[in-house]
Amino acid sequence: MAERHRQDGVEYSAGDQSLFTSLYTSLAQQLPKEPMEWRRSYGRAPKMIHLEANFVQFKEELLPKDGNRALLTFPFLHIYWTDCCDTEMYKVSVKDGMLRWQSTLRLHGSVDWLIVVVESEAKKKNKTNILPRTSIVDKIRNDFCNKQSDRCVVLSDPLKESSRSQDSWNSFLTKLRTLLLMSFTKNLGRFEDDMRTLREKRTEPGWSFCDYFMVQEELAFVFEMLQQFEDALVQYDELDALFTQYVLNFGAGDGANWLGSFCATVKRWSGLLLRRPIDMEKRELIQRGEASLLDLRSYLFSRQCTLLIFLQRPWEVTQRALELLHNCVQELRLLEVSVVQGALDCWVFLSCLEVLHRIEGCCDRAQLEANCSHTVGLWTYATEKLKSLGYLCGLVAEKGPTSEDLNRTVDLLAGLGEERPETVNSLQSPYKKLNEALSSVEAFEKHYLVSAMKKGDPERAEGFLDDSLRSYVAEGWSLQVTHTRKQMAECQKLLQQTEDYLQTSALLAGDANLTEEERKHFYQVILTFASQAPTVALSMAAFAQLRQMQFSPPGAVVHVGAALQLELRVRCLMPVAVQVEQLAATLHFSLEQGGARGRAGGTQRRTGQGPQGQGDGVVLFPQGSPLAGAGMGASLPPALELYEMQDRSPSDSSLNSTGVVCKNMHLLLRRHDSSASLDTPTAGALPAAVAVDDGAQMLRARDITLQPGDNSILFTAPVQPGSYTLRQLCGSVGRVQFVQSHIYPVVQYEVYSQEPQLTIEPLSGPSVWPSVPLFYNLLAGIPQKVKFTIATGHYSVKKGDALQLSNTDSMPILHSSCCSATILSSTGGHNCFQSLILSSEKVTSISLPPTPPYHTLEFQLEVLCHIPPTPFKPDIERLTNGEVRHRPKNHSQADSGMIHIDQKVSIDCPWSIYSTLISLTFYVPFKAKHSILSAGKRKYIQVCLQNVSDTNFHLADPVLTERQPTIPVELLSFNAKTQQTVCSQQSVFCLWEMRWVKHLPLCLQCAFSASFAPVSASDAHTAFKPYRYEFQLDRAEILPSSGDQHCRTGALCGLEVSITRQAEPSETEGEEEESTEIEGLRTTKLMYEVVDNSSNWAVCGKSSGVVSMPVAASATHRVQMEVMPLFAGHLPFPDIKVFKYLPHSAVPAIQPDTDSCLENDTMSLLDKGLDDQGDTASIRSRGSIHSVGSGEQQRGLPMPRLEPFSPGQVFYWSQGRQVLVLPVTDDHVMEVNVT
């Protein structure tokens, strides 16, 4: 489907006029609301259109006559309206009216009609002999619509707001739209066929182009009303092409009789009229056959212009207008039309300005400036015709116009006629401009400046030339710029405007449009003045073009004392070699050093272009800048100068925010029209040259010879600390200074002074974890290499300087007598030296080789971080409402499962009186966990050792021992291999059986030990290092309550929970657990919970609570409660869970180790994660008086926390035990009735 359009149809009504009047408003408003699909013949694309109709009363004189099928003046759909509901009235009057109406339509060949019967309930009530509604409609259909029953429609109470009325109204509108569109399409097709037939008769005698013009234009009017502007334009283009072909045939000797009317003498030359949609005056002339050639062409182009503007193609109007003006001149010659001398020049001049004014009225200024190339042809043509009129009327003669010239001027102005009403109030109308230009010599000089030069008035001519030059420069007409500057140079020389004359001469000397001799002439003018006084500053845009600048080193950031060179490449525009006494670049100095030192730049960066932040150190200058030659790009707005701005934290220099700031906002936001007065009047919008400040810091190059074309100049930059920005560039040739007052892109370099810095990092190599960066690759337990890097900065390392490293027991430095040190320079060179290492009990001293400032010193040491034997404790904390207390993570290794160890190294440096503290992070390559396994009455200890690193290890001699030899427990090993390989991310399981004599001890302190070495170690025997894992097993005894020997189903049983502390807490555990002291007894709080996940037991009464445990070995606390067995048989004991109960102010435990949770007959309460237990909420649901958590409690309040014990701290003595439950005695009574 195409876009939507509107159709202005014509529709006529007959019958009851008052009835139609009551419905007209609603009908006219609702008919166009719904679109209709308009399908045309000959495969043309369908379109969605909205129908609008013009309703008038039926009159026979409005019906089409025989042979006249006009679309705009005759009806094409007829409607008869009636609200008759009485049979007698229908027979007496209504039927006769319909018969007369249809007879009239048949007489005039109109077959598109519709009868509308309006039904009204109110009218029915006033009639006594009313038949059903269908009887009237049936009669009408039988009498008039035998074969076209759809031509009669019923409209029920259209003025009422009911669903029945609305449905009837919508159905009527749909029918009306369909018939209206069908009738219009049929009439349009018939009209097109008639028009083609008329066109085919053009070779017959008596055929008139004007008559055919009116017929095809009516079709164009119809398309225009339908908003089918493209189709309407096609009709006028066909008429244009047809008339042009006849004119060409006439010139070839094959003329048509009707062309004689267009050969009459031209009496009026008022130009085009484009300000009216339809020029009715000229249209009537065409209709009467009295139009001249200029009248026909003017009217035809005005219609084409209107349609092109509707199609938003104004620039096509200018193209067609220029072709029209040239073609009209040729057609007048071919037809041998008599024209008054100068009349055609007046017509062309007025037509050019009329087209330009029409385009300016429908386009904004930005569009006009962007499409100036479309209008320059019209401006040039109008200028030529005005010049011709000036010579014809004697307005450029030295003695002024003669009487004959004045009479000719009067005749030409008389042929213009009166000014049109559309332009009477316009001060800049084409009519007024031509009248003013031809009225006097002074007025003509204002409109055409050549006469001022010929009359010896250079001052006035210089002003006119300057205005023209600015226009040519803005539009990019290089040849016109060159020609105008030559004329300006003559004016300035006569006016003795020395500086302006030199600037123009410099521009012409570098202008490639001139010959070599002309350029050398203007260059000699500059040399002649260069030896005279005073000094004059000119714009460098006329002298040289800046191409690129390259830094060495490329980064444009050097330290104090280093060499920095700038290579400047310029293109000399002069025709011969120029001896430049000095080429200087002024510098802006700043002590500020931003986060992006020396890397400021603009937004107009291209590949390999931009500030020195580029890797190659090359700054390319765009060709559109003021240096791009001849000032052609000087009218462009200044480019953005953007700098990076960073806000860093003063404590750790981390980046808080970053942004962009524009340094030349004052240039971008100023008014461009008000800045014109600041430019030199002769430069054609070139920027004014500003004298160089002699007191500023400069880069200088003396006695340079610039050859025509590309040249290279080398500068050596000062190297005092600070940031330097190039502001201006000045080349001195005698007393003449060529100055570039602004350099873009911004060119900057930086000289810095740096403090010495020491860094320690792991030696680059494979990561211990795939998701961990390379600097996290230190493993604990085996020797590791670290690299020391010293950036000396401004400090010079002298002979005898040394680093003093403090020794720690947990991370010793492996001894060696010396190490290799490498000194790197900023240029990439390096030297190797041997550093002496002296080690004592507390300090390791490393002698440093002499190193110059701003060099890098690197060496390596080997360190060993011992693995602590005790396992790391988890820091998973839960509040009593079951929620996890979240803590911020200090390391990114939490997800990898690796345990890290931070080691602090204190280093004394020779350049500082303060010690430097550096942290190294080591990762334990193994993770161990233990579990208790049961088989009947036999108990086993299993230790799982997992390799969590990316390194493969050899594991040897796994041993499990009891640290208290007095305890009578024997550990029998089931491990057959003494040495095996543990690959990355794999685990090794070791198993021992526990055997005891009488009873299992309450506490077991176990130690697992093994030796490991990397598979890649060259000497595996000496590379083995010990690994030790210590853990403790405790137990809690749970005894049933005294009573019956056996429990029974459904009966209450007593359950006694016994909690015993096996040993006093260590110092670390004492700090973690908050204790209270009452009457000299120190206690800590525990929380217990009895649950039964297998649903074998029902806990009656309190199932959880908080107890105070004395901080003493063998301290026991017993809790008694009642339970009820739900099934008979050997039932396992209910589960008992114990937690540390910590107030909200207590210090939490440390890092989690959730993988150490035990499963399958475990001694730990953490056999499942708290998230999986599901019964944490039972602390609330079972009514414990010690429960402080609540689901409705606000999260913002401080709450106590529940913390699980570490693996191996709690021993569940009743694990695996069962109790016999007997079924209850069941007595059954059976009743038997005997009869």
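Residues numbered from 1 in each chain as written. Predicted model: local features only at pLDDT ≥ 70, side-chain atom pairs only at ≥ 80, totals over all residues. Heavy atoms only, no water.

Going by what an unreviewed UniProt entry lists, the protein chain is known as Trafficking protein particle complex subunit 10 and is assigned to Oncorhynchus kisutch. What UniProt records for the protein chain under Subcellular location (unreviewed entry) is the sentence "Golgi apparatus". (UniProt positions renumbered as here; feature names shortened; annotations may be inferred.)

## Considerations on the overall build of the protein chain
Within the protein chain, the regular secondary structure consists of 26 helices and 49 strands. Buried positions account for 46% of the 1235 residues belonging to the protein chain. When contacts within the protein chain are restricted to residue pairs at least 6 apart in sequence, those whose partners lie at least 24 apart make up 73%. Summed over its atoms, the accessible surface of the protein chain is roughly 61700 Å², and 51% of this surface lies on carbon and sulfur atoms. (Helix = DSSP H or I, 4+ residues; strand = E, 2+ residues; numbered from the N terminus. Buried < 20%, exposed > 50% of the residue type's maximum accessible area, 1.4 Å probe, protein only. Contact = heavy atoms within 4.5 Å. Areas by Shrake-Rupley, 256 points an atom, 1.4 Å probe, with all protein chains shown as cover.)

## Comments concerning the sheet that holds strand E46 (residues 1129–1132)
One open sheet accounts for 3 strands, arranged E39-E49-E46; its pairing is mixed. The two strands at the open ends of the sheet, each matched to only one other strand, are strand E39 (1047–1048) and E46. (Pairing = 2+ DSSP bridges.)

## A closer look at the environment of Pro 1132
With respect to the secondary-structure elements, Pro 1132 resides in strand E46. When the C-alpha atoms of Pro 1132 and Val 1219 are compared, they prove to be 6.4 Å apart, with 87 residues separating the residues in sequence.

## Some details on helix H2 (residues 87–107)
Relative to the 30 Å expected for 21 residues at 1.5 Å per residue, H2 spans 28 Å between its end C-alpha atoms, a close match to the ideal helical length. Roughly 40° is the biggest bend found in H2, and it falls at Val 94. Taken together, the buried positions of H2 are Thr 87, Tyr 90, Val 94, Gly 97, Met 98, Trp 101, Gln 102, Thr 104 and Leu 105. Within two residues after H2, Gly 109 carries a phi angle of roughly 75°, on the positive side. (Expected span 1.5 Å × (residues − 1). Bend = angle between axes of the 7 residues up to and from the residue.)

## Topic: the packing of helix H10 (residues 314–334) against helix H13 (residues 372–392)
H13 packs onto H10 with a crossing angle of 30° between their chain directions and a minimal axis gap of 8 Å. Remark: the crossing between H10 and H13 carries left-handed chirality. Across the interface between the two elements, Trp 315, Thr 318, Ala 321, Leu 322, Leu 325, His 326 and Val 329 from H10 touch His 374, Thr 375, Gly 377, Leu 378 and Tyr 381 from H13. Grouping the constituent residues of the contact of H10 with H13 by class yields 7 nonpolar, 5 polar and no charged. (Axes fitted to C-alpha atoms, helices over the stretch in contact; angles between N-to-C directions. Left-handed = near helix turned anticlockwise from the far one by under 90°. Nonpolar A, V, L, I, M, F, W, Y, C, P; charged D, E, K, R; others polar.)

## Some remarks on the nonpolar core
The biggest cluster of nonpolar side chains holds 111 residues, and the ones touching the most others in it are Trp 81 and Phe 172. Looking at which element gives the most residues to this core, the answer is helix H11 (residues 343–362), with 12 residues. Counting 67 residues, the second-largest nonpolar core is a separate cluster that includes Leu 857, Ile 867, Leu 960 and Ala 1010. (Core = buried A, V, L, I, M, F, W, Y, C linked by side-chain atoms within 4.5 Å.)

## Thoughts on the environment of Val 424
Residue position: Val 424 is located in the loop between helix H14 (403–414) and helix H15 (430–439). On the basis of relative accessibility, which here comes to 42%, the residue Val 424 falls in the partly exposed class.

## Overview of the state of the cysteines
Evaluated as defined, the whole model comprises 0 disulfides. Left unpaired, Cys 944 is separated from the closest cysteine sulfur, that of Cys 990, by 9.0 Å. (Disulfide = S-S within 2.5 Å.)

## As for the sheet that holds strand E8 (residues 544–552)
A sheet is described by the order of its strands in space; here 4 strands give the open sequence E12-E8-E10-E16, paired in antiparallel fashion. A single partner strand is all that each edge strand has here, and the edge strands are strand E12 (618–620) and strand E16 (709–716). Neighbour-to-neighbour, the strand axes of the sheet open up by a mean angle of 20°, direction not taken into account. Sheet topology places E8 next to strand E10 (residues 565–572); 8 bridges connect them, and they run antiparallel.

## Considerations on the packing of helix H9 (residues 293–310) against H10
At a closest axis distance of 10 Å, the pairing of H9 and H10 adopts a crossing angle of 170°. As summarised for this structure, H9 and H10 are arranged roughly antiparallel, according to the angle between their axes. Where H9 abuts H10, its residues Leu 293, Leu 294, Arg 297, Phe 301, Gln 304, Cys 305 and Leu 308 lie against Pro 314, Glu 316, Val 317, Arg 320, Ala 321, Leu 324, Cys 328, Glu 331 and Leu 332. Along the lines of polarity and charge, the residues of the contact of H9 with H10 split into 11 nonpolar, 1 polar and 4 charged. (Parallel < 35°, antiparallel > 145°, perpendicular 65-115°, else oblique.)

## With respect to the pairing of strand E19 (residues 748–752)
In terms of residue burial, E19 counts as a mostly covered element, since 5 of its 5 residues are buried. Residues Gln 748, Glu 750 and Tyr 752 of E19 are buried on one face, and the alternating residues Tyr 749 and Val 751, pointing to the opposite face, are buried as well. Sheet analysis places strand E9 (residues 557–559) next to E19, joined by 3 bridges and oriented parallel. Bridging across to E19, Val 557 finds its partner in Glu 750.

## Digging into the confidence of the model for the protein chain
Confidence in the prediction for the protein chain averages 76 pLDDT; 77% of positions are at 70 or higher. This stretch, residues 625–636, has a pLDDT under 50; its non-local contacts, to residues over four places away or in other chains, come to 26 contacts. (pLDDT = per-residue confidence, 0-100.)

## A short note on the packing of aromatic side chains
One pass over the structure, following the stated rule, counts 30 aromatic pairs. Centroid distance Trp 992 to Phe 1008: 6.1 Å. Interplanar angle 70°. Geometry classified as edge-to-face. Residue Trp 992 is found in strand E35 (residues 987–996), and its partner Phe 1008 is found in strand E36 (residues 1003–1014); the two are separated by 16 residues along the sequence. Each member of the pair, Trp 992 together with Phe 1008, is buried. Grouping aromatic residues by their ring pairs yields a cluster made of Trp 207, Phe 209, Tyr 212, Phe 213, Phe 243, Tyr 246, Trp 258, Phe 262 and Tyr 299. (Phe/Tyr/Trp six-rings, centres within 6.5 Å; stacked < 30°, edge-to-face > 60°.)

## A word on the pattern of salt bridges
Going through the model one piece at a time under the given rule, you end up with 33 salt bridges. Notably, a salt bridge pairs Lys 186 with Asp 112, separated by 2.8 Å at the nearest N-O pair. You can see Lys 186 sitting in helix H5 (residues 163–200) and its partner Asp 112 sitting in the loop between H2 and strand E5 (113–119), a full 74 residues away along the chain. Under the relative-accessibility criterion, Asp 112 is labelled buried at 9%. The salt bridge involving Arg 297 is made with Asp 240; its shortest N-O contact spans 2.5 Å. Of this pair, Arg 297 sits in helix H9 while Asp 240 sits in helix H7 (residues 229–251); the two residues are 57 residues apart in sequence, bridging distant segments of the chain. Each of the salt bridges in this network shares a partner with another, and the network as a whole consists of Glu 230, Asp 237, Arg 313, Glu 316 and Arg 320. (Salt bridge = Lys/Arg side-chain N within 4 Å of Asp/Glu carboxyl O.)

## Some points on unusual backbone geometry
In this chain, Ser 552 is followed by Pro 553 through a cis amide linkage whose omega measures 10°. Within the secondary structure, Pro 553 sits in the loop between E8 and E9. Look at Asp 703: it is not a glycine, yet its phi comes out positive at around 50°. With respect to the helices, strands and loops of the structure, Asp 703 is situated in strand E15 (residues 697–706). Owing to a relative accessible area of 61%, Asp 703 belongs among the exposed residues under this scheme.

## Notes on the pairing of strand E45 (residues 1116–1125)
Two faces make up the sheet, and in a regular strand the side chains alternate between them. Judged from the 8 bridges that link them, strand E40 (residues 1053–1060) and E45 form a sheet pairing that is antiparallel. Bridged to Ser 1058 within E45 is Arg 1118. Taken together, the 4 bridges between strand E43 (residues 1097–1100) and E45 define a ladder with antiparallel strand orientation. When the bridges of E45 are listed, Trp 1097 appears paired with Pro 1125.

## Structural notes on the environment of Gly 342
Within the secondary structure, Gly 342 sits in the loop between H10 and H11. Residue Gly 342 is classed as buried on the basis of its relative accessible area, which comes to 8%. When the C-alpha positions of Gly 342 and Leu 389 are compared, they lie 6.5 Å apart, and in sequence the two are 47 residues distant. Residue contacts for Gly 342: discarding those within four places in its chain leaves Leu 389, Leu 392 and Leu 412.

## A look at the side chain of Gln 748
Residue placement: Gln 748 occurs in strand E19. Among the polar contacts listed, one links the side chain of Gln 748 to the side chain of Thr 725, at a separation of 2.9 Å. (Polar contact = N/O pair within 3.5 Å; in protein donor to acceptor, adjacent residues only side chain to side chain.)

## Topic: the side chain of Glu 224
Structurally, Glu 224 is set in helix H6 (residues 209–225). Excluding residues within four positions of it along the chain, Glu 224 makes contact with Phe 229, Ala 232, Arg 303, Leu 307 and Phe 310.

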